[in-house]
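Chains, contacts and geometry: an overview
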Amino acid sequence: MTTSSISERKKFFSQNNVYLPHVCVIEKVIDETPTVRTFHFKFKDERLQKEFTFESGQFGEYTVFGVGEATFCISSSPTRPDHLEVALQRVGKVTNAFHRLGVGAEIGFRGPYGNSFPIDSLKGKNLVFVGGGIGLAPLRSLIWNVIDNRDKYGKIDIVYGARSPADLCFKYDLEAWSKDNTVNMVTTIDRPAEGWNGRVGLVPAVLEQVAPSPDNAVAIVCGPPIMIRFTFPALAKLGFTPEQMITTLEKRMKCGIGKCGRCNIGPLFVCKDGPVFRYDQIKNFMPQEY
Amino acid sequence: MVKKIKQADIGKLLERWAKDYRIFVPSRDGEITRFDRWDGKDTGFLSIYRNTVVPAKSVFFPVKEEMFSYKKDSTGYQLKVPGPSMSKKLLFGIRPCDASALAMLDVAFKEGYEDPYYLEKRRDTVLVGMTCLRPYDSCFCTSLGGGPGESKNVDIMMTQVGDEYILEGITQKGEELLAGVEYFTDASEADISRLRSVKEGALKQITRKVNVKDITQRIYDVIENKEFWETSAIKCVSCGVCTFFCPTCYCFDISDEKEKGTGIRKRAWDSCQFPVYTKMPAENPREEKWRRVRQKVAHKYAYFPTLYGGTISCTGCGRCIRLCPVSWDITAVINSVPEKVTTESK
């Protein structure tokens, strides 16, 4: 997995103190679902906005001033550097406070941290994206990244599901990808719902029905842990090897840089050795702790 | 360079060193002992003849510290980092186990992204070690490459011999500090032989042993063995005392405190023994107690060695044994990890 050079980044972006967030301004707020919102934001310092770079799969630490800091992936694509996007579900103290912020409000951001999707090794491959719920956020960064360089990649299948039609995130993206004839977009919901004419079924089962070929393919999976756990066997049934399965893990984090101690799976720190892992890197070690 | 000084002259010596250094000495606060600023007069701390309850790491990695504060003005949020502390410090009387722990924290806080708070406090620090003449029966430093008179992580090693203290210069910085202070006299050969026998006597008092042979591999061999860890964790009440007072534990929580018109981001010691430590909205990877106990033991004896060149991040200081309310004993756990399974038949 590619890791951005720490030494290169730490001087400029961390102001010599990696824990200090940069002040950013919210430019746009999008209601994704009743509990998920996407925030578009920019660095207040124009020079930072211009020079900031990241890779799909990396995450940041976000501050709601007066409340605290929390960890979220960057959900926008580095190929669209005008602003950054973060999608978050209202679940705790910081996310609830975040949801109360509107256009023009200031937040803090530090990052980017962690490794990223191995974009170079995906070139020339057929890509199978498997997402559930808000787990589409990190995949979405990579999907747009790939679509913006469409000729470098093979077939694209996207299997995405949520509990109900109202819980589908990034509906505008789902629509754009459905209309894109170079993408096979499959959307599903867990249970039948009124007014829903699309597929019904859990993501791993629908994935088996869609049955993408494992030939020259890589599957990139993100969703709730339970979905991830059932998706790997489904992929295996289709003939994907563990080396052809990639996921990005979520853990409680505080520092984001491998110091504070809580996001490890054995000697692997999700914040710096991950969050992106190939299934073969994690499948044999403490499978119950991710 | 080996020097000696009368106990009565220690105060004058510290006064001299205090001209260039901020001096930290063991001090007592009720039942708790910890390193604190020397008051500039009293040498009563010399009667604290056993290791402090709070490990010496607290000087560089305080229980709680401000990371920065922020305030909103007409142009938006402004951040302010607290000014640097006076950087030159001298710790007088640090025990070998705690000095060895600092060497491990130095690596962990420096690796990858540097931790500016710890490293700034730690910079230009002189460590004057103190031989443990009366170790606790919970101490097991000798199993982990240490010893009550071990000098490898300090600048000066100091040992009480009768009513005098013998100081050995270990590093160049230590030698420089010993030179040119009139309260010292050169130690004679008789002094040095007395020093040797005092240190040998101290060494003999460490009787608790832990079997660290192939321990990292042995831990990995039982890492998925739920029954082993459940047995090891059976008594534990998850109070976190073992980790809180551990000289090599360095995990922390980050939180914001709001005060009128301003917010302060602070960090504070945390513990992997608390379920909330890893709790996420939907799940908790270490909800079960045995997973948390496994994390504590395996971090010190397997993960840290994997990450940092084989170094076991336990110094055998014994605090987790003597401070535990239910007599949980890490040496019993380590010693119960099965011997390495040899696949070779020869």
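Below: a short report on this structure.

Scoring rules and cut-offs
- Residues numbered from 1 in each chain as written.
- Chains lettered and ligands numbered in written order.
- Predicted model: local features only at pLDDT ≥ 70, side-chain atom pairs only at ≥ 80, totals over all residues.
- Heavy atoms only, no water.
- Salt bridge = Lys/Arg side-chain N within 4 Å of Asp/Glu carboxyl O.
- Buried < 20%, exposed > 50% of the residue type's maximum accessible area, 1.4 Å probe, protein only.
- Helix = DSSP H or I, 4+ residues; strand = E, 2+ residues; numbered from the N terminus.
- Pairing = 2+ DSSP bridges.
- Right-handed = clockwise from strand over helix to strand, strands pointing away.
- Contact = heavy atoms within 4.5 Å.
- Buried area = accessible area lost by both parts, 1.4 Å probe.
- Polar contact = N/O pair within 3.5 Å; in protein donor to acceptor, adjacent residues only side chain to side chain.
- Nonpolar A, V, L, I, M, F, W, Y, C, P; charged D, E, K, R; others polar.

Within the structure shown, the criterion is met by 40 salt bridges over all chains. The residue A:Asp31 makes a salt bridge to A:Arg37 at a minimum N-O spacing of 2.5 Å. Given a relative accessible area of 25%, A:Arg37 falls into the partly exposed group. Measuring nitrogen to oxygen at the nearest pair gives 2.7 Å for the salt bridge that ties B:Arg265 to B:Asp256. Here B:Arg265 falls in the buried class, since its relative accessible area comes to 1%. Judged by its relative accessible area of 11%, B:Asp256 falls in the buried class. What you see here is one network of salt bridges that share partners, running through A:Glu69, A:Arg110, B:Asp256 and B:Arg265.

A separate point is the pairing of strand 7 (residues 126-132) of chain A. All names here are of chain A. Within strand 7, six of the seven residues are buried, which leaves the element mostly enclosed by the surrounding structure. Strand direction decides the pairing type here: strand 7 and strand 11 (residues 217-222), joined by six bridges, are parallel. The partner of Val130 across the bridge, within strand 11, is Val221. Here strand 7 runs beside strand 8 (residues 156-162); their pairing, made up of six bridges, is parallel. Looking across to strand 8, one finds that Val130 is bridged to Val159. Read as a crossover between parallel neighbours, the route from strand 7 over helix 5 (residues 136-147) to strand 8 is right-handed.

Further remarks concern the interface of chain A and chain B. Each partner contributes to the interface: chain A provides 45 residues, whereas chain B provides 47 residues. Counting each side, the surface lost to burial between chain A and chain B is near 4000 Å², with a carbon and sulfur contribution of 57%. Between chain A and chain B we count five salt bridges in total. Of the charged contacts, one joins B:Glu111 and A:Lys272 as a salt bridge, the two residues approaching to 3.0 Å between their closest N and O atoms. On inspection of chain A and its partner chain B, the count reaches 26 residue pairs in polar contact (both at pLDDT 80 or more). When contributions to the side of chain A that touches chain B are tallied by element, the ones reaching two or more residues are helix 1 (6-14), strand 3 (59-64), strand 4 (68-73), strand 6 (106-113) and helix 8 (225-237) of chain A. At four residues, strand 6 of chain A tops the list of elements feeding residues into the side of chain A that touches chain B. Along the lines of polarity and charge, the residues of the side of chain A that touches chain B split into 21 nonpolar, 10 polar and 14 charged.

None of this, on its own, says anything about what the molecule does.
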